[in-house]
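# Analysis of the macromolecular model
What follows is the residue order along each chain.
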Amino acid sequence: MKHHSPALRRPARRRLAVAVVVALAVTAGTAAATGPALAAPYAPASGAASAAEQTGPFVIAADANLRSAGSGGFVTSAFPETGSTVYRWNRPSDGTVTALPSADRAQPAPMAAAEGERVARRTSATTYRILDMAGGAPVDLDVSAGGPGGELWEFTGDTLVMRKSDGNGATGLHLFSKPGDTTVHRVVTGLPADTRVARTAYSSGELAVQYRGTVGGRTEERLAVVDLATAKVVEDRAVPGIYPNATIALTPTHVAWATGSENTDVVLTTALRDGSQPPVRRTSLRPAGSFVNLRLVGDWLMYSKMTSVTGLSAVSLEDGTTLEGLLKNPGHFQGSGDELMVQGSTAKGGVGVHRIAPGADGRPAVTLVAHIGAITPTTVETQQAPATADFRRAGAPAALRWTYGRSDLWVDLWVTHKATGRSWNSYQRLLGTDTDVAFSWDGTYSDRSAALNGDYTWKMVATPLSGLGGTVERTGTLRVDSGVAAHGYSDTGSPDLLVRNEWGHLLSYDVRQFLNPRYADWTQRPHGAGWYIYDRLLSAGNLDATPYSDVIAREKSTGVLWFYSGKGTTLAKRTAVGGGWNAYTTLAAGSDLTGDGRPDLVATDKDGVLWLYKASRPRRPRRPDRGERHEAGPLDHPLQGHGELEGPPRPRRQRRHPAVRVRRRHQAPRAALLTAPPPVLPYGVHH
């Protein structure tokens, strides 16, 4: 079974960074028996590098991911954010890149032949087209024999190896080829009737097959070798305890596999195929459930696990010598024979596709075949960053822009509040011909709460996707001044919601958090404990000489009204307004009811009389005996007032029945503010 390198990047655009791009106009229809020439014979365009001229690695697109490889070239895939998957054929001998027909992401990827320059591509549920990348005519194979469905597991160059189910849970191997005008179908013999094929590995006309089946009355994990010329099993052995998340390997002299489980050490084992010696335990590792790649290259067993910090490693079959760190971040192993193709990185060559083959000394030698992404130096051409930002108005973000001297970059931006360390960060990827990046900060942190006023630092880091060209960094400062919001207790220029929890703690929540999907706990600001002593708490607006919103609270046991002056992000020590406020059943504050630009307070007494307390010069409520009587007689609907949370400042009063919740206009949705479950809140300290 083929395994493919994970798609590490999902770019918005793509590019072909080579001198020649040959597009194949390949249709999904079935060709005639002779096969029409759907792809013109290959001929390098003027200026293209020939095989003799290609002396070093070539450059392929930064969004490329290695899918399959053979002796003549390799197939890569790219995943645009929208649209179909993009596939490309890459020929190392001359650096040519050929665009293959795109495909829906649910379709299997085209597969490079292990030998030669061919690519197998599924064109229908029962048809595969063999593309000759050297310029020959394509060939269509009907793979319907042996039952519907089936998966392509190996492509040798002239034979498709497919796994098909018999409908009863067993799976067999079917071989399809077309040496002339007729498709030839053969079934691999020598496997048990209840075989369930798990993995395959091709090498030099033979196929290693890991399967589970019954042999001699015993059902177990086994490892067989199939001669593809005769379609017969020529070797078979039991491999008890085989590790399910590892590949197998095959050479003319050895087979290799792994045993163990995800909760134990996994042992890498090799055995001589002639059985002259017992299997040898080569090395062990703890994969913790991750995938383990195995491959035999010469007299070395190559291995890596997907989470390994040691990268691509090798152990000698001769003396047990171990080599580590041959490649960083290696992907799945591709290729056949004594050549291994792997996507990974080195300190010198950066990110790319590498060939691993025996060197002059017999040890595995790593050769960079293709750079993935641009390799020119990273430079900053232009920069635009504001010195100040004001987020009071919607649609007025802070824009930070850069232009670079190259593309294929990963750009990170952090904006951090100096005093608290709270930050917003974002990233973008530049691919193909894109060299401009623009970030738009809307004045919220990563949790979607409003940014605090004050001084900020920003840092931009541009990192080459290829690992070559150097990383560039720019830093600067930014001052946020979003003013002071009515009913704001966090110095953000945005209103807050005051909440007293079940333990008597007072907390404030920036209401902007409620306007976005809740991905995490809402950010809260504590304002102390002990607030359970009050039976009335009012977000009163700004009542004193400071520019910040204040809080009024009536003490339940004494009827004393207390005033808490706002200090931006905290509240000052309380001061008494006066006693006798327990004469009122309802208190409301925060709206300017008199038109003088200052919030007032209204109260209804036990007889239903409404009293108005105008904001005075010191901008605190008067004593109860100085209120203005506005209405006599019982009130069926008590009045409730509040200040503005959004939009232009203007007074507002609403009347409601005691059993009906009031929806606050120009605010967050009712469901967010009135019916959201209470958050889990920490204890605070009240002064």
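Here, residues in each chain are numbered from 1, in the same order as that chain's written sequence. Local features in this predicted model are restricted to residues whose pLDDT is 70 or higher, and side-chain atom pairs enter the listing and the counts only when it is 80 or higher, whereas totals over whole chains, interfaces and linings include all residues. To obtain the side-chain values, all non-hydrogen atoms of the structure were used and water was disregarded.

### Things to note about the side chain of asparagine 501
Helix and strand definitions follow DSSP, with helices as H or I runs of at least four residues and strands as E runs of at least two, each counted in order from the N terminus. Structurally, the position occupied by asparagine 501 is in the loop between strand S38 (496–500) and strand S39 (506–510). A 3.5 Å cut-off defines polar contacts: any pair of N or O atoms within that distance qualifies, except that in protein one atom must be a possible hydrogen donor and the other a possible acceptor, and neighbouring residues in sequence count only when both atoms are side-chain atoms. A polar side-chain atom of asparagine 501 sits 3.0 Å from the main-chain amide nitrogen of tryptophan 503. Within polar-contact distance, the side chain of asparagine 501 engages the backbone nitrogen of histidine 505 at 2.9 Å.

### Observations concerning the sheet that holds strand S19 (residues 249–250)
In this analysis, strands are considered paired if DSSP registers two or more bridges between them. If you trace the four strands from one edge of the open sheet to the other, you get S19-S20-S21-S22, paired in antiparallel fashion. In the strand order of this sheet, the two ends are held by S19 and strand S22 (280–285), each with one partner. Pairing analysis gives six bridges linking strand S20 (residues 254–259) to strand S21 (residues 266–272), with the strands arranged antiparallel. Opposite threonine 259, over in S21, you have valine 267 as the bridge partner.

### Let's talk about the nonpolar core
Among the buried residues, those of types Ala, Val, Leu, Ile, Met, Phe, Trp, Tyr and Cys that are joined through side-chain atoms within 4.5 Å form a nonpolar core. Any residue under 20% of the maximum accessible area for its type is buried, any over 50% is exposed, and the rest in between are partly exposed; the area is computed with a 1.4 Å probe on protein chains only. Grouped together as the largest cluster of nonpolar side chains are 26 residues, with contacts concentrated most on Trp402, Tyr404, Val411, Leu413, Trp441, Tyr456 and Met460. Listed by contribution, the elements that provide at least two residues to this core are strand S32 (398–404), strand S33 (409–417), strand S34 (423–430), strand S35 (436–441), strand S36 (454–464) and strand S37 (472–480). Whether two residues are in contact is decided by their heavy atoms: any pair within 4.5 Å suffices. Excluding residues that lie within four positions of it along the chain, tryptophan 402 makes contacts with Val380, Thr382, Gln383, Leu413, Thr435, Asp436, Val437, Phe439, Trp458, Met460 and Arg474.

### A few points about the side chain of serine 466
Following the sequence through the fold, serine 466 ends up in the loop between S36 and S37. Within polar-contact distance, the side chain of serine 466 engages the backbone nitrogen of leucine 468 at 3.2 Å. Those residues within four positions of serine 466 in sequence are excluded, and the remaining contacts are Gly350, Val351, Ile372, Gly373, Ala374, Ile375 and Arg406.

### Quick look at the packing of aromatic side chains
The criterion for an aromatic pair is that two Phe, Tyr or Trp rings (for Trp, the six-membered ring) have centres within 6.5 Å, with stacked assigned to planes under 30 degrees apart, edge-to-face to planes over 60 apart and tilted to the rest. Taken as a whole and judged by the stated rule, the model has 13 aromatic pairs. Each ring, one from tryptophan 410 and one from tyrosine 427, has its centre 4.8 Å from the other, and the planes form 10°; the classification is stacked. Here tryptophan 410 is found in strand S33, whereas its partner tyrosine 427 is found in strand S34, with 17 residues between them in sequence. With a centroid separation of 6.1 Å and an interplanar angle of 25°, the aromatic rings of tryptophan 424 and tryptophan 441 are classed as stacked. Here tryptophan 441 lies in strand S35 and tryptophan 424 lies in strand S34, a separation of 17 residues in the sequence.

### A closer look at the sheet that holds strand S12 (residues 159–165)
With antiparallel pairing, the four strands of this open sheet are ordered in space as S11-S12-S13-S14. Each edge of the open sheet is held by one strand with a lone partner, namely strand S11 (151–155) and strand S14 (184–187). The average undirected angle you get between the axes of adjacent strands in this sheet is 30°. Bridge count between S11 and S12: four bridges; the pairing is antiparallel. Note that in S12 the partner of glutamate 154 across the bridge is valine 161. With axes taken as lines fitted to C-alpha atoms, and helix axes fitted only over the stretch in contact, angles between N-to-C directions fall between 0 and 180 degrees.

### Here we look at the pattern of salt bridges
Any Lys or Arg side-chain nitrogen located within 4 Å of an Asp or Glu carboxyl oxygen qualifies as a salt bridge. The final tally for this structure, using the stated rule, is 19 salt bridges. Salt-bridge contacts for aspartate 236 lead to arginine 222; the nearest nitrogen and oxygen are separated by 3.3 Å. One end of the pair, aspartate 236, is in strand S18 (residues 232–238); the other, arginine 222, is in strand S17 (residues 218–227), with 14 residues separating them in the sequence. Assessed through its relative accessible area of 10%, arginine 222 is described here as buried. Put simply, aspartate 265 and arginine 286 hold a salt bridge, and the shortest N to O gap is 2.8 Å. You can see aspartate 265 sitting in the loop between S20 and S21 and its partner arginine 286 sitting in the loop between S22 and strand S23 (292–297), a full 21 residues away along the chain. Exposure remark for aspartate 265: the relative accessible area of 38% places this residue in the partly exposed category. The class for arginine 286 is partly exposed, based on a relative accessible area of 45%.

### With respect to the environment of proline 240
Along the chain, the position of proline 240 falls in the loop between S18 and S19. Here the alpha-carbon distance between proline 240 and glutamate 220, two residues 20 residues apart in the chain, equals 6.8 Å. The residues touching proline 240, leaving out its near neighbours within four places in the chain, are Glu221 and Thr259.

### Notes on unusual backbone geometry
Positive phi values are uncommon outside glycine, yet aspartate 408 reaches one of about 60°. Here aspartate 408 is to be found in the loop between S32 and S33. Of the residues examined, aspartate 408 reaches a relative accessible area of 0% and is grouped as buried. Positioned with a positive phi, histidine 487 is a non-glycine residue whose angle comes to about 65°.

### Looking at the environment of aspartate 607
Looking at the element boundaries, aspartate 607 is found in the loop between strand S46 (600–605) and strand S47 (610–613). Taking relative accessible area as the criterion, aspartate 607 reaches 59% and is therefore assigned exposed. Along the chain, aspartate 607 and tyrosine 584 lie 23 residues apart, while their C-alpha atoms are 9.1 Å from each other.

### Side note on the confidence of the model for the chain
Put simply, the chain has an average pLDDT of 81, and 80% of its residues get 70 or more. Predictor confidence is given residue by residue as pLDDT, running from a minimum of 0 to a maximum of 100. Low pLDDT, under 50, characterises residues 617–623; the stretch is placed with 22 contacts to residues that sit more than four places away or in other chains. Under a pLDDT of 50 for its full length, residues 630–687 has, in the predicted model, 119 contacts with residues more than four places off or in other chains.

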